[in-house]
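# Results of the structural survey
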Amino acid sequence: MSKNVDVFMETVRAKNPGQKEFLQAVEEVVESIMPILDKNPNYKQAKILERIVEPERVIMFRVPWVDDEGEIQVNRGFRVEFNSAIGPYKGGLRFHASVNLSILKFLGFEQTFKNSLTTLPMGGGKGGADFDAHGKSDNEIMRFCQSFMAELYRHIGPNTDVPAGDIGVGGREIGYLFGMYKKLKNEFTGILTGKGRNWGGSLIRPEATGFGGTYFAQNMLKTKNDTFEGKIVTLSGFGNVTWGAALKVTELGGKVVTISGPDGYVYDEDGISGEKIDYLLELRSSNNDIVSPYVEKFPNAKFYPNKKPWEVKCDIAMPCAIQNELNEDDAKALIANGVQYISELSNMGCTPEAIKAFHSAKIFFGPGKAANAGGVAVSGLEMSQNSMRFNWSSEEVDEKLKTIMKDIHDQCVKYGTEGDYINHVNGANIAGFIKVADSMLDQGVV
Ligand code: GLU
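Residues numbered from 1 in each chain as written. Predicted model: local features only at pLDDT ≥ 70, side-chain atom pairs only at ≥ 80, totals over all residues. Heavy atoms only, no water.

## A closer look at the overall build of the protein
Counting secondary structure elements, the protein contains 17 helices and 14 strands. Relative to its length of 446 residues, the protein is compact, with a C-alpha radius of gyration of 21 Å against a globular reference of 22 Å. Projecting the C-alpha coordinates of the protein onto the three principal axes gives extents of approximately 60 × 55 × 45 Å. Relative to its 446 residues, the protein shows a buried fraction of 57%. Counting contacts in the protein only where the partners sit at least 6 residues apart, residues at least 24 apart contribute 72% of the total. Mean positive and mean negative side-chain charge positions of the protein (49 and 57 charges, respectively) differ by 4 Å. (Helix = DSSP H or I, 4+ residues; strand = E, 2+ residues; numbered from the N terminus. Rg over C-alpha atoms; globule rule 2.2 N^0.38 Å. Buried < 20%, exposed > 50% of the residue type's maximum accessible area, 1.4 Å probe, protein only. Contact = heavy atoms within 4.5 Å. Lys, Arg positive; Asp, Glu negative; His and termini not counted. Charge placed at Lys NZ, Arg CZ, Asp CG, Glu CD.)

## Some remarks on the environment of Leu177
Position of Leu177 among the secondary structure elements: in helix H7 (residues 171-185). Each residue touching Leu177, except ones within four places of it in the same chain, is listed here: Leu93, Cys145, Phe148, Met149, Val169 and Leu192.

## Quick notes on unusual backbone geometry
The phi dihedral of Thr119 is positive, around 75°, even though this residue is not glycine. Accessibility expressed as a relative area gives 39% for Thr119, which makes it partly exposed. A positive phi is found at Asp289, a non-glycine position, where the angle reads about 55°. Looking at the element boundaries, Asp289 is found in the loop between helix H10 (275-285) and helix H11 (293-297).

## Describing helix H9 (residues 240-251)
The end-to-end C-alpha distance of H9, which contains twelve residues, comes to 17 Å, matching closely the 16 Å that a straight helix rising 1.5 Å per residue would cover. In this fold, the buried residues of H9 make contact with helix H8 (208-222), strand S6 (232-235), strand S7 (255-261), H10, strand S10 (316-318) and helix H16 (394-416). Remark: Gly253 follows H9 within two positions and exhibits a positive phi of approximately 95°. (Expected span 1.5 Å × (residues − 1).)

## Regarding the packing of aromatic side chains
Throughout the structure, instances matching the rule amount to 23 aromatic pairs. Aromatic side chains Trp65 and Phe131 sit 5.6 Å apart centroid to centroid with 75° between the ring planes, which places their arrangement in the edge-to-face category. Linking Trp65 in strand S1 (residues 57-66) with Phe131 in the loop between strand S4 (124-129) and helix H6 (138-152), this pair joins segments that are 66 residues apart in sequence. As far as the burial class goes, Trp65 and Phe131 line up, both buried. When the ring of Tyr341 is compared with that of Phe364, the centres are 6.2 Å apart and the planes differ by 75°; the resulting orientation is edge-to-face. Note that Tyr341 is positioned in strand S11 (residues 341-343) and Phe364 in strand S12 (residues 364-366), a separation of 23 residues in sequence. You'll find Tyr341 and Phe364 in the same group, each marked buried. A network of ring pairs unites the aromatic residues Phe61, Trp65, Phe95, Phe131, Phe144 and Phe148 as a single cluster. The cationic tip of Lys224 hangs over the ring face of Phe364; the distance from NZ or CZ to the ring centre is 4.3 Å. Above the plane of the ring of Phe211 lies Lys248, whose end atom (NZ or CZ) is 4.4 Å from the centre. (Phe/Tyr/Trp six-rings, centres within 6.5 Å; stacked < 30°, edge-to-face > 60°. Lys NZ or Arg CZ within 6 Å of the ring centre and 35° of its normal.)

## Thoughts on the environment of Arg76
Checked against the element boundaries, Arg76 lands in strand S2 (residues 72-83). On a C-alpha basis, the gap between Arg76 and Met60 in space is 7.2 Å, while along the polypeptide they are 16 residues apart. When residues no more than four places from it in sequence are discounted, the contact partners of Arg76 are Met60, Phe61, Val63, Gly128, Ala129 and Asp130.

## A word on the sheet that holds S12
Strand order in the open sheet formed by seven strands is S9-S8-S7-S6-S10-S11-S12, with mixed pairing between adjacent strands. Strand pairing shows two members of the sheet lacking a second neighbour, strand S9 (302-305) and S12, which therefore form its edges. Geometrically, the sheet is characterised by an average inter-axis angle of 15° between neighbouring strands, direction not taken into account. Looking at chain direction, S6 and S7 are connected through three bridges and run parallel. Among the inter-strand pairings, Val233 is bridged to a residue of S7, identified as Val256. (Pairing = 2+ DSSP bridges. Axes fitted to C-alpha atoms, helices over the stretch in contact; angles between N-to-C directions.)

## Here we look at the site of the ligand
Around the ligand, 14 residues are found, and the nearest of them are Lys90, Lys114, Gly165, Asp166 and Ser379. Between the ligand and Lys114, the relevant distance is 2.8 Å, taken from an oxygen atom to a side-chain nitrogen or oxygen of the residue. Residue assignment for the shell around the ligand shows that the elements contributing at least two residues are strand S3 (89-95), helix H5 (101-117) and helix H15 (374-388). (Near = heavy atom within 4 Å. Polar contact = N/O pair within 3.5 Å; in protein donor to acceptor, adjacent residues only side chain to side chain.)

## Section: the sheet that holds S4
Ordered by their spatial adjacency, five strands build an open sheet running S1-S2-S4-S3-S5, and the pairing between neighbours is mixed. Only two strands of the sheet have a single neighbouring strand rather than two, namely S1 and strand S5 (161-164). Direction aside, the axes of adjacent strands within the sheet are offset by 20° on average. Sheet topology places S3 next to S4; three bridges connect them, and they run parallel. Bridging across to S4, Phe95 finds its partner in Ala129. Of the strands in this sheet, S1, S2, S3 and S4 are in contact with H5, which crosses S4 at around 150°.

## What about the nonpolar core?
Grouped together as the largest cluster of nonpolar side chains are 57 residues, with contacts concentrated most on Phe216, Leu235, Tyr294, Met318, Leu401 and Ile408. When neighbours within four sequence positions are excluded, Leu401 is seen to be in contact with Ile204, Ala208, Phe211, Gly212, Tyr215, Gly374 and Val378. Membership of the second largest hydrophobic core comes to 38 residues, among which are Ile33, Tyr43, Phe113 and Met348. (Core = buried A, V, L, I, M, F, W, Y, C linked by side-chain atoms within 4.5 Å.)

## Focus on the side chain of Lys369
Secondary-structure assignment places Lys369 in helix H14 (residues 368-371). A distance of 3.3 Å separates the side chain of Lys369 from the side chain of Glu110, its partner in a polar contact. With near-sequence residues (within four places) excluded, Lys369 lies in contact with Glu28, Val29, Glu110, Phe113, Lys114, Leu117, Ala428 and Asn429.

The quantities given are spatial measurements derived from coordinates; they are silent on function.
Laid out in structure tokens, this is it:
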């Protein structure tokens, strides 16, 4: 690590003690952009780096609700409005037991650069709650969402902050949140993205993160004159992102052989395609957060309890679950088994040591802020359609998504090419940073 990075990180650590995920995300970006800062005195003089690591606003609130037994429950809600230099705050809501301020600050920070890469005018934000949907009834989920929105509504707006889904927040939760916002404000506006098709949602939004991450991988493959045809692909997770990726990988001729949950992973040698992909939606809506029922339904597949899919031989690995789900040992196992490409669909899915291992082995690694930007990109397209009061067809949205993912890949190549290798991490961080930093310079000290 360079001395400048070290010195800067000391100050960030002192200001944000114990926020390990946030510090991890900041360090990765700072390592990539320090050479750019060293060359650009304007950024230094305007203290862009010091300002960009500080969220513009953090809102933390009580979320009380009554469960089916009549007991009062209390959760903690958050919205981190990180950076609005290039557009209204934009980013998802995560409902998961692990949610805390460090995780939401890391996600909001990442989102700022990710949204910048999409080429669309969106700032960065993230929010959520430490709510565990595991075993909750539909009514409990509705009451929780209503209580959450009863506070959040006063902080958001179509030109201020536009939340969406993330882990634990899908179409059902967005519906309950939207309904409550509309009731409180008496206003039908595009306040959330990932809405239902009948009430302002965009076609392809549910598939967008998975499709986008697959298009990103396709662009990486193209630089080596390669395609998905016949490739063995390992995915983790079994939610919305995994589902979209499985659909697109299969369509492009790849064979998806794994999915996973907190309980372990499933290996399906025959390939996870067709009705097996549809079944993922059923698994997710059961609220049980386990993947093992897959092998009861499709007995040819094998379930490996408490293990991760990265021990399976593959050509392309696509982590789709949660931060730090792929560590150095997993990376080494993948490399030993001949992996050629990693497309990170989860946010910060790989640890810094894992990324280092991929870089040392000259394996192409597409980082989350580039590879998983398809989701928020189609959210941006949903905002445009809402503003126009118009709907584009699936083909139109998909075409735009493809173009955006190619643009993101091009930016990674432009800023990340190092001899005959492309360091997509540096490329994404530098390209994402420059647009936000230049906009901050233009707008003065605010
Ligand atoms: N949660 C998604 C992400 O991590 C989507 C955010 C959005 O659509 O606003 O990018």
